[in-house]
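Each chain, letter by letter, is given below.
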Amino acid sequence: MTIEERGNASLLTHALARDTLSRIRDVSTSQVSFRKGLVKLGRIAGYEIIDGAMDIEYVPVETPLTEMTGERVTGMEDVVIINVLRAATPFVEGLLKAFPRARQGVISAGRDEDAGMNEGGEFPITIDYVKLPTIREEDTVIVADPMLATGSTMCVVLDHVLEDQPEPADLFVVSAVSAPDGLIRVGEQFPEADLLTVAIDDHLDENGYIVPGLGDAGDRAFGTGGRGED
């Protein structure tokens with residue numbers, strides 16, 4: 001499995017993921033190519049979760065020539081994917097290629113850019129819409145947001161996801177690019193979560209944007225303006 005442990009997070013080191021991330025970081029990458037890149041990163045992240053967290057069972061298989069013992073992944077029906085709107089939409093599309101039978105939830109969440117960061121490095125977060133499936137003890141829950149900057153949004157999202165729900169068997173926070181500040185904040189507030197990211201970038205600037213980052217993932221994927229991150 002191409003995953004390395006890095007402090008509070010697990011770093012996805014798959015060569016294709018690194019290649020794809022480098023391509024979508026480029027400011028000259030088109031909207032379509034950027035969106036397709038996020039889909040690809042989501043798919044790779046999903047495969048890595050399967051490889052690292054899902055169990056295997058041995059089953060009899062009859063080929064055209066003989067009988068043999070094969071392997072199948074268990075628990076593929078017990079997956080919940082939470083889409084943090086809107087930037088995560090293409091990212092989740094990729095995850096669904098790995099988990100086609102996953103139950104899905106959506107949370108529309110964003111930080112108040114006008115208010116700015118407080119002294120603790122957090123933003124006020126607005127939740128506009130929440131629609132979540134029931135979470136069961138046997139579930140693997142994947143909360144997807146391609147940018148994990150301050151961690152403010154993700155912490156509020158996780159509060160909503162876990163509120164009045166049983167503790168799932170596995171909880172993953174999956175991102176393409178993360179800042180150390182966000183990983184620390186989410187890791188401290190939700191130690192039960194496994195943080196999986198393709199890159200841990202250098203720092204946040206004074207506005208709370210990831211550097212070097214890749215810009216606003218939602219705007220670049222959907223062709224709108226602005227540059228906010230969460």
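Throughout, a residue's number is its position along its own chain's written sequence, starting from 1. The predicted nature of this model means local features are confined to residues of pLDDT at least 70 and side-chain atom pairs, given and counted, to a pLDDT of 80 or more, with totals for whole chains, interfaces and linings taken over all residues. Processing note: side-chain calculations cover all non-hydrogen atoms of the structure and skip hydrogens and water entirely.

A. Main features of the UniProt feature "binding site: uracil" (unreviewed entry) in the protein. UniProt positions are given in the numbering used here, feature names are shortened, and annotations may be inferred rather than shown by experiment. If you check UniProt for "binding site: uracil" (unreviewed entry), the listed places come out as Ile 210, Gly 215, Asp 216 and Ala 217 in our numbering. Working definition: helices are DSSP H or I runs of at least four residues, strands are E runs of at least two. Numbering for both runs from the N terminus. The topology assignment puts Asp 216 in the loop between strand S13 (210–211) and helix H6 (217–222). Accessibility expressed as a relative area gives 11% for Asp 216, which makes it buried. Polar contacts involving the side chain of Asp 216 include one to the main-chain amide nitrogen of Gly 218, which spans 2.9 Å. Here Ala 217 lies in helix H6. By definition, residues are in contact when any of their heavy atoms lie within 4.5 Å. Not counting the four nearest positions on each side in its chain, Ala 217 is found in contact with Phe 34, Leu 38, Ala 87, Pro 146 and Met 147. Think of it in three bands: with a 1.4 Å probe and only protein chains considered, a residue is buried below 20% of the maximum accessible area for its type, exposed above 50%, and partly exposed in between. The term polar contact refers here to a pair of N or O atoms within 3.5 Å; inside protein, the definition further demands a hydrogen-donor-capable atom paired with an acceptor-capable atom, and it admits residues adjacent in sequence only when both atoms are side-chain atoms.

B. A look at the packing of helix H4 (residues 152–162) against helix H5 (residues 180–189). Axis angles are defined between N-to-C directions and span 0 to 180 degrees, where every axis is a line fitted to C-alpha atoms and, for a helix, only to the segment in contact. Contact pair H4 / H5: the axes reach a minimum separation of 9 Å and the direction vectors enclose 25°. When the axes of H4 and H5 are compared, the pair comes out roughly parallel. Once H4 is placed against H5, the crossing between them reads as right-handed. Note on element contacts: H5 touches H4 through Arg 185, Val 186 and Gln 189, opposite Met 154, Cys 155 and Leu 158. Roughly parallel here means an angle under 35 degrees, roughly antiparallel means over 145, roughly perpendicular means 65 to 115, and every remaining angle is called oblique. Throughout, a crossing is termed right-handed when the near helix is turned clockwise from the far one, and left-handed when it is turned anticlockwise from it by less than a right angle.

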